[in-house]
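Residue strings, one per chain:
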Amino acid sequence: MLRELHIRDLGVIEDATLTLDPGLTVVTGETGAGKTMVVTGLGLVLGGRADAGLVRSGSDEAVVEAELELDADHPARRTAEEAGGVADEPELLLSRTVSAVGRSRAHVGGRRAPVGVLTDLGEGLVAVHGQADQWRLRRPAQHRALLDVFGGDAVAGPAEQVREAFAAWQDAKGELDELVEGERTRLREVELLTHQLEQIDEVDPAAGEDVELAAEAQRLGHAEELRTGADSAHRLLSDPDSFAGDDVVGRIARAADEIGRIAEHDPELADVQRRLGEVGVLAADLATDLSAYAADVEADPTRLAGVQSRIAALRELTRRYGDDISAVLAHRDESRQRLLRLQGADERIEELTEQVAASAALLAERVVALTHARTEAAERLSAAVEQELGHLGMAKARVEIVVEPRAEGGLEMPGPSGETLRVSPEGADTVEVRVAANRGTPARSVAKAASGGELSRIMLAIEVATAGSGRSQVPTFVFDEVDAGVGGRAALDVGARLAALARTSQVIVVTHLAQVAAHADRHLVVHKAHGDQVTSSGVRVVEGRERLSELSRMMGGDDSSVGLRHAEELLEQCRR
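Bear in mind the structure is a predicted one, so any value in this text is a computation, not a measurement.

Quick notes on unusual backbone geometry
Thinking step 1. Despite not being glycine, D9 shows a phi value in the positive range, around 55°.
Thinking step 2. With respect to the helices and strands, the residue D9 is situated in strand β1 (residues 2-10).
Thinking step 3. For D9, a relative accessible area of 11% translates into the label buried.
Thinking step 4. In the Ramachandran plot, D204 falls in the positive-phi region, its phi being about 50° despite a non-glycine side chain.

This is how it looks when you write it as structure tokens:
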């Protein structure tokens, strides 16, 4: 709900703060004092159109700030946080600034935000019904939303079933369309994957085979060089002819014997003798290994040609399908899985065709059920709104809530009787509120058939009827001159209906009729001060005698005992 509205330099208002409470709050004042600026300012802070002409003469900018109290789980908090605002306090602060040159700025939760965020927040928090701003009646989608709210569970249940069935139909239909429309692409992909797998399977690589073959090719390609080098190293270690009568192993042995002979004279030589013995053994082992290696190395041109051919085949695979054989094998496995899925597409198409038909039949059945539920709710809402209008000075008005098949938009599908339905997640209906000002005249769309004041009263009647269902869409309603064109007993009835709405919602009303103002739980007066200016003290709460004086003024009286007595009698009548 709205807790406070602060307006600065907007129209004739220089600085004014309105502290608001639950229930019914009325705003009154003399002509030109700035009552309508209250509604205008609220419209601005809720994302309404900015106009430089609204800035008070002589000022650089107009500022409107609103403080709203929200539940911790209210969706508006999430919207504010997504816009970067701070929304962790019970209150949410909104502000709108309009410069004298037409520039506009918006802030949500203390952070700069696009004006559109204010609009999104406003439509879920406050319904402003001004003479020229009946957005809930001028937008066709809102007619359906109002009816659905009034319909309660009888409409909400079928509506949810339609949304679920529509989503299931869309999912199946989308997958089927993708498969059917991509048939040529699918066939080309099947052919390509088949060719790739044939190439890989023909070579039949093994993991790590490319590394092993590269090493074998290196050995085979240098077999003679490897054999000669190993044989030379062997002879250097163990062939006496290589060392003019002695070999390395013999020399190490003799050196060890020589050290052993003298080691008894110096203990430190014992370690040297031990190490010479180890070197001798290692040299003998090396000589043996080199001899065996040289004997095993053979040049095999046939094997070398086979290895090189295999390497070439593997390189062709890695050039096409991966950096190495492991990547090629991974590509092969993925391609086989993909090929299996593509080859099974024909069966999936048949399955999906049956699924689409079944889900379409279920959706059509549920759409028809929703239409029936809305039609029944429309009859009840029409009667309820007509009854309310009878209390609002429009007893001769006739209201029709028309539920018709959607003529455009949506997705086409066959209906249960062979007709074509245009379906969306909201069903296949368009809903329109139609009004005939007098009996016997044709009903027309409410946005075209009613004047500004009549629109406000029709909206009030709809809001009261909807509130009676316990499912009001917004917590706060603002009405500007809803009583235009009525008086006397009808004005009392208007006030009574506003008070009825205020039992379930916060209601703020700008009025010039004492019969309406007398129903208020809280009475605010906008008054002139310092000529045509309204200062910060220009909006005040009136109670007791002050309220009686304001009601007397509104009835054309004064502060005389007669005028105050009439005002007191009016208050008592409204209480009853």
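That shown, we press on.
Structural notes on the sheet that holds strand β17 (residues 539-541)
Thinking step 1. Read across the open sheet, the 6 strands follow the order β8-β14-β15-β3-β16-β17; overall the sheet is mixed. Two strands lie at the open edges of the sheet, namely β8 (126-129) and β17, each paired on one side alone. Averaged over all adjacent pairs, the angle separating strand axes in this sheet is 15°, with direction ignored.
Thinking step 2. Of the pairings in the sheet, the one linking strand β16 (residues 522-526) to β17 comprises 3 bridges and is antiparallel in character.

A look at the side chain of Q506
Thinking step 1. If you trace the backbone, Q506 turns up in strand β15 (residues 506-510).
Thinking step 2. For Q506, the side chain forms a polar contact with the main-chain oxygen of D21, separated by 3.1 Å.
Thinking step 3. Sequence-distant contacts of Q506, defined by excluding residues within four places in its chain, comprise M1, L2, L20, D21, P22, G23, P475, T476 and F477.

Here we look at the sheet that holds strand β9 (residues 398-405)
Thinking step 1. Taken together, the 3 strands give an open sheet; going across it, the order is β9-β12-β13, and neighbouring strands pair in antiparallel fashion. Looking at strand neighbours, the two that pair on one side only are β9 and β13 (444-445), the edges of this open sheet.
Thinking step 2. Direction of pairing for β9 relative to strand β12 (residues 429-436): antiparallel, over a ladder of 8 bridges. The residue of β12 that forms the bridge with E400 is R434.
Thinking step 3. With respect to the sheet, helix α5 (residues 140-151) is in contact with β9 and β12, its orientation differing from that of β12 by roughly 90°.
Thinking step 4. On top of the sheet, helix α14 (residues 345-390) reaches β9 and β12; it is set at about 165° to β9, its chief contact.

Here we look at the packing of helix α8 (residues 209-221) against helix α12 (residues 301-321)
Thinking step 1. At a closest axis distance of 9 Å, the pairing of α8 and α12 adopts a crossing angle of 145°. Where α8 crosses over α12, the handedness of that crossing is left-handed. In this structure, α8 uses E209, D210, L213, A214, E216, A217, L220 and G221 to contact α12, whose residues at the interface are R303, L304, V307, R310, I311 and L314.
Thinking step 2. Each residue belonging to the contact of α8 with α12 can be placed in one class, and the counts come to 8 nonpolar, 1 polar and 5 charged.

Looking at the environment of R380
Thinking step 1. With respect to the element layout, R380 can be found in helix α14.
Thinking step 2. A C-alpha to C-alpha distance of 9.8 Å links R380 and A465, two positions 85 residues apart in sequence.
Thinking step 3. Here R380 is in contact with F150 and G151, once residues within four sequence places are set aside.

Topic: the packing of α12 against helix α13 (residues 325-343)
The angle between the axes and the distance between the axes are what describe a pair of packed helices.
Thinking step 1. One can describe the packing of α12 onto α13 by two numbers: an axis separation of 9 Å at closest approach and a directional angle of 60°. With respect to the hand of their crossing, α12 and α13 are arranged in left-handed fashion. Of the residues in α13, those touching α12 at L314, L317, T318 and Y321 are I325, A327, V328 and H331.
Thinking step 2. Split by residue class, the contact of α12 with α13 holds 6 nonpolar, 2 polar and no charged.

Here's the deal with the nonpolar core
Thinking step 1. With 83 residues, the main nonpolar core has L24, L363, L389, L460, F479, L498 and V509 as its most contacted residues.
Thinking step 2. With 16 residues, α14 is the single largest residue contributor to this core.
Thinking step 3. Residue contacts for F479: discarding those within four places in its chain leaves H129, S456, M459, L460, E463, L498, L501, V507, I508, V509 and V510.
Thinking step 4. The next biggest cluster of nonpolar side chains, apart from the first, holds 44 residues, and it includes L10, L44, A66 and V108.

Here we look at the pattern of salt bridges
Thinking step 1. Under the definition given, this model contains 27 salt bridges.
Thinking step 2. In this structure, R332 and D333 form a salt bridge, with 3.4 Å as the shortest nitrogen-oxygen distance.
Thinking step 3. Relative accessible area serves as the criterion here: at 16%, R332 is assigned to the buried category.
Thinking step 4. According to the relative accessible area criterion, D333 is partly exposed, its value standing at 40%.
Thinking step 5. Linking E400 and R398 is a salt bridge whose minimum nitrogen-to-oxygen distance equals 2.4 Å.
Thinking step 6. Among the residues examined, E400 registers a relative accessible area of 29% and is labelled partly exposed.
Thinking step 7. Here the salt bridges do not stand alone but share partners, grouping R8, D9, E14 and R56 into one network.

The rules behind the values
Residues numbered from 1 in each chain as written. Predicted model: local features only at pLDDT ≥ 70, side-chain atom pairs only at ≥ 80, totals over all residues. Heavy atoms only, no water. Helix = DSSP H or I, 4+ residues; strand = E, 2+ residues; numbered from the N terminus. Buried < 20%, exposed > 50% of the residue type's maximum accessible area, 1.4 Å probe, protein only. Pairing = 2+ DSSP bridges. Axes fitted to C-alpha atoms, helices over the stretch in contact; angles between N-to-C directions. Polar contact = N/O pair within 3.5 Å; in protein donor to acceptor, adjacent residues only side chain to side chain. Contact = heavy atoms within 4.5 Å. Left-handed = near helix turned anticlockwise from the far one by under 90°. Nonpolar A, V, L, I, M, F, W, Y, C, P; charged D, E, K, R; others polar. Core = buried A, V, L, I, M, F, W, Y, C linked by side-chain atoms within 4.5 Å. Salt bridge = Lys/Arg side-chain N within 4 Å of Asp/Glu carboxyl O.

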